[in-house]
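# Architecture and fold: a report
Letter by letter, the chains look like this.
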Amino acid sequence: IGLGGQIESCYVYDVGIYCYLDKYYLYAGGIAGKPANVINSGVRTFLVDGNVFSSGGIVGSAAGSRRYNAMGEELPGYYGGNIQGCMSIDARIKSEYAAGGIVGEATTPAQNAVISNCYAFDSLLKAGTYNKEIDKCE
């Protein structure tokens, strides 16, 4: 999933995100880029390289999701932002701004959101400006 949604009891194995375009991916994660919540899920062997703004083994951002009314109009509140009972093994991440074994960007305006009971093992994380001329983060 890219954006939004409740994710429970999912497992992903051997996924890679490679972005060498002039534009950036905002959020990249082994399970989701920017979901509402991720519960009891795991990722094994996750690779990210190139022009990615924020990335994590489970999610790129734990900011949660915006609320919308029945007419599709954006409401002022957020919901979600919970990452619970998740596992990330063998994450190799190079991103522009933030990299994390579980979550790249963990801030949310949603009330009572938590990241808990998670496990990250064997992660190699690099964050900084990606320079495609020398193929590394600076």
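What comes next concerns the included structure. (Residues numbered from 1 in each chain as written. Predicted model: local features only at pLDDT ≥ 70, side-chain atom pairs only at ≥ 80, totals over all residues. Heavy atoms only, no water.)

Attention now goes to the nonpolar core. Considering soluble globular proteins, one finds that nonpolar side chains tend to be buried as a cluster. Of all hydrophobic cores here, the largest spans 20 residues; its most connected members are Ile31, Val38, Ile58, Val59 and Ile83. Those elements that provide at least two residues to this core are strand E2 (11-19), strand E5 (42-50) and strand E11 (87-95). No other element matches E5, which puts three residues into this core. (Core = buried A, V, L, I, M, F, W, Y, C linked by side-chain atoms within 4.5 Å. Buried < 20%, exposed > 50% of the residue type's maximum accessible area, 1.4 Å probe, protein only. Helix = DSSP H or I, 4+ residues; strand = E, 2+ residues; numbered from the N terminus.)

This paragraph deals with the pattern of salt bridges. Any two side chains of opposite charge can pair, on the condition that their charged atoms come close. In the structure shown here, the tally under the stated rule is three salt bridges. In this structure, the salt-bridge partner of Arg92 is Asp90, at a minimum N-O distance of 3.2 Å. A salt bridge links Asp122 to Arg92, with the shortest nitrogen-to-oxygen separation between them at 3.3 Å. Here the residue Asp122 occupies a position in the loop between strand E15 (119-121) and strand E16 (124-127), and Arg92 occupies one in strand E11, the gap between them amounting to 30 residues. (Salt bridge = Lys/Arg side-chain N within 4 Å of Asp/Glu carboxyl O.)

A separate point is the side chain of Lys34. With respect to the helices and strands, the residue Lys34 is situated in the loop between strand E3 (25-29) and strand E4 (37-39). In this structure, Lys34 is buried with no salt-bridge partner, the nearest side chain bearing the opposite charge being Glu105 at 6.0 Å. With sequence-adjacent residues up to four places away left out, Lys34 is seen in contact with Gly2, Leu3, Gly4, Tyr27, Ser61, Ala63 and Gly64. (Lys, Arg positive; Asp, Glu negative; His and termini not counted. Contact = heavy atoms within 4.5 Å.)

By the bridge criterion, six bridges tie E5 to E11 in an arrangement that is parallel. Among the inter-strand pairings, Phe46 is bridged to a residue of E11, identified as Ala91. Sheet topology note: the E11/E15 ladder contains three bridges and is parallel. The residue bridging Ser88 from the neighbouring strand is Ala120, located in E15. (Pairing = 2+ DSSP bridges.)

Even without being glycine, Ser9 reaches a positive phi, approximately 55 degrees. Locating Ser9 in the fold gives a position in the loop between strand E1 (6-8) and E2. Residue classification places Ser9 among the exposed residues on the basis of a relative accessible area of 59%. Phi angles above zero are rare outside glycine, and Asn40 is one such case at about 50 degrees. Structurally, Asn40 is set in the loop between E4 and E5. Asn40 gets classed as partly exposed once you look at its relative accessible area, which sits at 47%.

With that settled, consider the sheet that holds E3. Taken together, three strands build an open sheet; the order of strands is E3-E6-E12 and the sheet is parallel. Single-partner strands in this sheet number two, and they are E3 and strand E12 (98-100). In this sheet, adjacent strand axes meet at a mean angle of 15 degrees when their direction is disregarded. (Axes fitted to C-alpha atoms, helices over the stretch in contact; angles between N-to-C directions.)

To continue, consider the sheet that holds E1. As summarised here, the arrangement of the four strands in space is E1-E4-E10-E14, forming an open sheet in which the pairing is parallel. The strands lining the two open edges of the sheet, one partner per strand, are E1 and strand E14 (115-116).

On to the packing of aromatic side chains, then. Under the counting rule described, the total for this entry stands at two aromatic pairs. For the pair Phe53 and Tyr97, a centre-to-centre distance of 5.1 Å together with 5 degrees between the ring planes defines the contact as stacked. Of the two residues, Phe53 sits in strand E6 (residues 52-56) while Tyr97 sits in the loop between E11 and E12, which places them 44 residues apart along the sequence. Here Phe53 falls in the partly exposed class, since its relative accessible area comes to 29%. With a centroid separation of 6.3 Å and an interplanar angle of 5 degrees, the aromatic rings of Tyr119 and Phe121 are classed as stacked. Tyr119 gets classed as partly exposed once you look at its relative accessible area, which sits at 44%. Classification of Phe121 by relative accessible area gives partly exposed; the value is 46%. (Phe/Tyr/Trp six-rings, centres within 6.5 Å; stacked < 30°, edge-to-face > 60°.)

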